[in-house]
Amino acid sequence: MLDALTNRTCLTTAAQLREAQLDARADHEQCSGVEPFPFWSSVPCDINVLPLKAKIKQRVSSSPSLNCSLELEITFCVRGVLSPILANIFLHYAFDLWMARTHPDLPWCRYADDGLVHCRNEQEAQALKSELQARLAECCLEMHPTKTKIVYCKDKKRKGKYPNVKFDFLGYCFRPRLVRSFRDNTLFCGFNPAVSSSAMKAMRSTIRELKLRHQTQLSLQDIARQLNPLLRGWIEYYGRYAPSALYPLLRHVNQTLVAWAMRKFKRFKGHKVRASQSLQRLAAEHRALFVHWDIGMTGVFA
């Protein structure tokens, strides 16, 4: 996904947030998440976005010609193609420029209508939250009542006790995690991203919707052609940080292949171990058939 206004992708935004976490300014402890709500529903202008569907009305002059101009009136746009574009344009002025003008010392990032601001302490985060509420009210927007919260970025240097120590952003879950030091190979607590549980659930649901277990008319190569574009995108995006967090999903794919083989081949019917061992041998011999086999996920089929 591409931010149309700032020309950045979800991954570069997540990377920007990750770099802010590792910034030398270690005194930024609090992280405030912002999502305007309800989205565009009270914006006093000709563009009004409502949930459900996208619809564009086209007006043409009564005597059309080659030089006639078209007037477009957007009536419904949430979850449509134009929705994130309109969000970027509006929030660039309502949020981005306002933050640069009023709080140039605070690191922040935004993608569409999701944003994060790093603060030095809880008091500063609470004050900024109040200012943002007032600013968004001027623009006829509101913060999301449940998604907007203040999070303590707990790690080995920040050891305070707060109720919120994790948040989800762009499919990643940022929370305290054990990570290994590159210097001396020791473990320490860091505030790091990995694929979120909601993103994992959505990816498993996508795999299940393909109903591959029942597609016995397909060959393994046909299944690979369906799965590889999905797996390649997920691995490229969610595997950038903590790739081991994706292993449960990749195991689920292998188990789906085992269930498919048990239905397709009579010799494997009722013999899960035999089907698993056969696919393990095939994965070792033809690693390039599936994207996740090619990166080493070839040994877990049971």
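A brief look at the structure comes next. Keep in mind that this is a model prediction, so the values were computed, not measured.

1. Digging into the overall build of the protein
At step 1: For the protein, the helix and strand inventory stands at eight helices and eleven strands.
At step 2: Going through the 302 residues of the protein one by one, you find that 42% of them count as buried.
At step 3: Considering only contacts within the protein whose residues lie at least 6 apart along the sequence, 61% involve residues at least 24 apart.
At step 4: Taken as a whole, the protein presents about 17300 Å² of accessible surface, with 54% of it coming from carbon and sulfur.

2. Here's the deal with the side chain of Arg-110
At step 1: Residue placement: Arg-110 occurs in strand E6 (residues 108–111).
At step 2: For Arg-110, a relative accessible area of 2% gives the class buried.
At step 3: In this structure the side chain of Arg-110 is engaged in a polar contact, spanning 2.6 Å, whose partner is the backbone oxygen of Ala-112.

3. Here's the deal with the pattern of salt bridges
At step 1: The full count for this structure, using the stated rule, is six salt bridges.
At step 2: Salt-bridge contacts for Glu-124 lead to Arg-120; the nearest nitrogen and oxygen are separated by 2.6 Å.
At step 3: The exposure class of Glu-124 is partly exposed, given its relative accessible area of 22%.
At step 4: Residue classification places Arg-120 among the partly exposed residues on the basis of a relative accessible area of 26%.
At step 5: Arg-225 is the partner of Asp-222 in a salt bridge, and the nearest nitrogen-oxygen pair spans 2.3 Å. Of this pair, Asp-222 and Arg-225 both sit in helix H5 (residues 220–238), three residues apart, roughly one helical turn.
At step 6: Asp-222 sits in the partly exposed class, given a relative accessible area of 25%.
At step 7: For Arg-225, a relative accessible area of 58% puts it in the exposed group.
At step 8: Linked through salt bridges whose partners overlap, the residues forming this network are Asp-105, Arg-120 and Glu-124.

What counts as what
Residues numbered from 1 in each chain as written. Predicted model: local features only at pLDDT ≥ 70, side-chain atom pairs only at ≥ 80, totals over all residues. Heavy atoms only, no water. Helix = DSSP H or I, 4+ residues; strand = E, 2+ residues; numbered from the N terminus. Buried < 20%, exposed > 50% of the residue type's maximum accessible area, 1.4 Å probe, protein only. Contact = heavy atoms within 4.5 Å. Areas by Shrake-Rupley, 256 points an atom, 1.4 Å probe, with all protein chains shown as cover. Polar contact = N/O pair within 3.5 Å; in protein donor to acceptor, adjacent residues only side chain to side chain. Salt bridge = Lys/Arg side-chain N within 4 Å of Asp/Glu carboxyl O.

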